[in-house]
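# Per-entry structural report
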Amino acid sequence: MNTIGDFNFSNRKALIRVDFNVPLDGNQKVTDETRINAAIPTIKKILDDGGSCILMSHLGRPKNGPEDKFSLRHIIPNLDEKLDLTIMFGGDCVGPSAKEFSGQLKPGQVLLLENVRFHKEETAGDRAFAKELASHGDIYVNDAFGTAHRAHASTTVAAKFFDDKCCGYVMQAELDNAEKILNGAEKPLTAIMGGAKISDKILIIEKLLDIVDNLLIGGGMSYTFTKAKGGNIGNSLLEEDKMELAKELEAKAAEKGVKLLLPIDTIAADDFNNEANTQTVAVGEIPDGWQGLDIGPETVRLFSKVLKSSKTILWNGPMGVFEFPMFAKGTDAIANAVVKATENGSFSLIGGGDSASAVNNLGYGDRVSYISTGGGALLEYMEGRTLPGVAALEE
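Anyway, here's the lowdown on the structure attached to this text. Fair warning: this is a prediction, and the values are worked out from it, not measured in the lab. (Residues numbered from 1 in each chain as written. Predicted model: local features only at pLDDT ≥ 70, side-chain atom pairs only at ≥ 80, totals over all residues. Heavy atoms only, no water.)

## Observations concerning the overall build of the chain
Counting its regular elements, the chain contains 14 helices and 17 strands. The C-alpha radius of gyration of the chain comes to 23 Å, within 12% of the 21 Å expected for a compact globule of 395 residues. Every one of the 395 residues in the chain was classed for burial, and the buried ones make up 57%. When contacts within the chain are restricted to residue pairs at least 6 apart in sequence, those whose partners lie at least 24 apart make up 72%. The chain carries 41 positive and 55 negative side-chain charges, and their two centres are separated by 2 Å. (Helix = DSSP H or I, 4+ residues; strand = E, 2+ residues; numbered from the N terminus. Rg over C-alpha atoms; globule rule 2.2 N^0.38 Å. Buried < 20%, exposed > 50% of the residue type's maximum accessible area, 1.4 Å probe, protein only. Contact = heavy atoms within 4.5 Å. Lys, Arg positive; Asp, Glu negative; His and termini not counted. Charge placed at Lys NZ, Arg CZ, Asp CG, Glu CD.)

The following block contains the structure:
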C-alpha cells in the first residue's frame, strides 16, 4: 500500500476521504475536534507540496436526503481557523455545482464537499456515484480509518477509479499502532475490555487471548461473567444467552495462561440515573432491585496494579455508565492508571469510541501513546478481518 509520503502532490488535485463525523451541539457547533485535528497534517502536506484538496466525508446518519443538522458546512469555521484559509464549500458532493468548484480549484486551495450520505448511493457502494466522486480529483487519499470497515462509495469503490492512491497520515498511524499490539508487543501486554455487551467483543476477546498476558474485563459485560459463575447481579445488564460463552472464555484464558480478571466490587444503584441511591457491594452480591453501574474501589486498585506493571496496554470500552458523572469514577481511575503507566514508559493504545471520549474529556489526550479515531474499524482490524477501505488501497 502506498502512503502519502510516496507522492509529491505538486499541481495535483487530491480527493481525500476524511472522517469529519464529529459531534455538534444544539447550535451546530463542533464539541470535539479530535477527528478534524487528526486530518490536518495530511491536508497540509498536500498543500505544502503545491497541490489542492477536495475533502469528502459523512456526518451522522441522515435518513432521507439532505438535512441541515447533518450538513458539513457547520465545520467550515473550524477548518478555516486550523488551515488559516478560506475553505470553499461545494453545496453538494456530486452534480454540476460541486463539479464546477472542483474544476476551478487552484493549487493551495481546499474544497469541502457536502455530506456524502445525503445520497443513498454512498452506503450502497454505488459504482456510478463513486465514479462521479472520483471525477473531482486525479489522486485518491483515504485518511478515514474510522470508516475503513465500510464498503461505501467514498471509502472503497471510488479508489478503483484511480491509478494513484494512498493512505493519509491518520490511516497509516492507525495501522502502525494496531500492529504494535498484534505483532511483537513488549510484555507484559494487558488488554482492558469494557462496554455493555460480550456479543460486541467476542471476536476481539478470542483474538486477544492468543497474545495478551492479562485481560481485564469491566463495564456491563462483566455482569454476564459474574452471573455465569453463580453470583447475584440484581437488575444489572445480562446477556443470558452468553453465559456459557463467558464460561468458555474463562476456560480458554486459563488454558492459554492468560490472567482474566473480573471486577471484585461494584457501585450498585437503585435506579438508572445520576441521582440514584448507591452502595458499594461485592460483585456477586448485588441486592435484588439494584444494578451495577460502575466498578468499585477495590477493582480500581486491582486493575491499576496490573496496569502499573504492564509494558503494553490496549483499552477499549468504559468501566461503567460514564455518561453519568456518579458512575464515571471507575473509567476515570482506569484512564489515570493508563496515563501513569505511559509516563513510566509503557505503550498505550486507546481503542476509539467511548474510551477515547473518556480520555479526551479528562484532558489526557496527549498523555497516552495513541488514541484511535475508529473504534469499530480498529476492532475489526485486530480481529483479523479485511477492511474494505484498506484493501482498496492495496489493489
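## Considerations on the pairing of strand β14 (residues 291-295)
Counted residue by residue, β14 has 5 buried out of 5 residues, so it is predominantly covered. As paired strands, strand β11 (residues 265-269) and β14 are joined by 4 bridges and run antiparallel to one another. Residue Ile267 lies in a different strand from β14, and its bridge partner there is Asp294. (Pairing = 2+ DSSP bridges.)

## Structural notes on helix α12 (residues 353-361)
In an α-helix there are 3.6 residues to a turn, and that puts residues three or four apart on one side. When α12 is considered as a whole, its buried residues turn out to be Ser355, Ala356, Ala358 and Val359. Along the long axis of α12, the arc covered by the buried residues comes to 160°, so they all point the same way. Looking at the buried residues of α12, the elements they touch are β15 (312-316), α11 (329-343), β16 (347-350) and β17 (370-371). (Arc of directions from axis to C-beta.)

## Overview of the sheet that holds strand β2 (residues 52-56)
Taking strand neighbours across the sheet as the criterion, the 6 strands line up as β3-β4-β2-β1-β5-β6 in an open arrangement whose pairing is parallel. Of all the strands in the sheet, just β3 (88-89) and β6 (165-167) have a single pairing partner and so form its edges. Pairing of strand β1 (residues 13-17) with β2 involves 5 bridges; the strand directions are parallel. Counterpart to Ala14 in the pairing with β2 is Cys53.

## Quick look at the environment of Asn232
Topologically, Asn232 is positioned in strand β9 (residues 232-233). Owing to a relative accessible area of 31%, Asn232 belongs among the partly exposed residues under this scheme. When sequence neighbours within four positions are dropped, the list of residues in contact with Asn232 reads Val283, Gly284, Glu285, Ile286, Pro287 and Asp288. A distance of 3.4 Å separates the side chain of Asn232 from the side chain of Asp288, its partner in a polar contact. (Polar contact = N/O pair within 3.5 Å; in protein donor to acceptor, adjacent residues only side chain to side chain.)

## Overview of the sheet that holds strand β7 (residues 189-193)
Strand order in the open sheet formed by 6 strands is β10-β8-β7-β15-β16-β17, with parallel pairing between adjacent strands. This sheet does not close on itself; its edge strands, each paired only once, are β10 (259-261) and β17. Across 2 bridges, β16 lies against β17 in parallel orientation. Opposite Leu349, over in β17, you have Tyr370 as the bridge partner.

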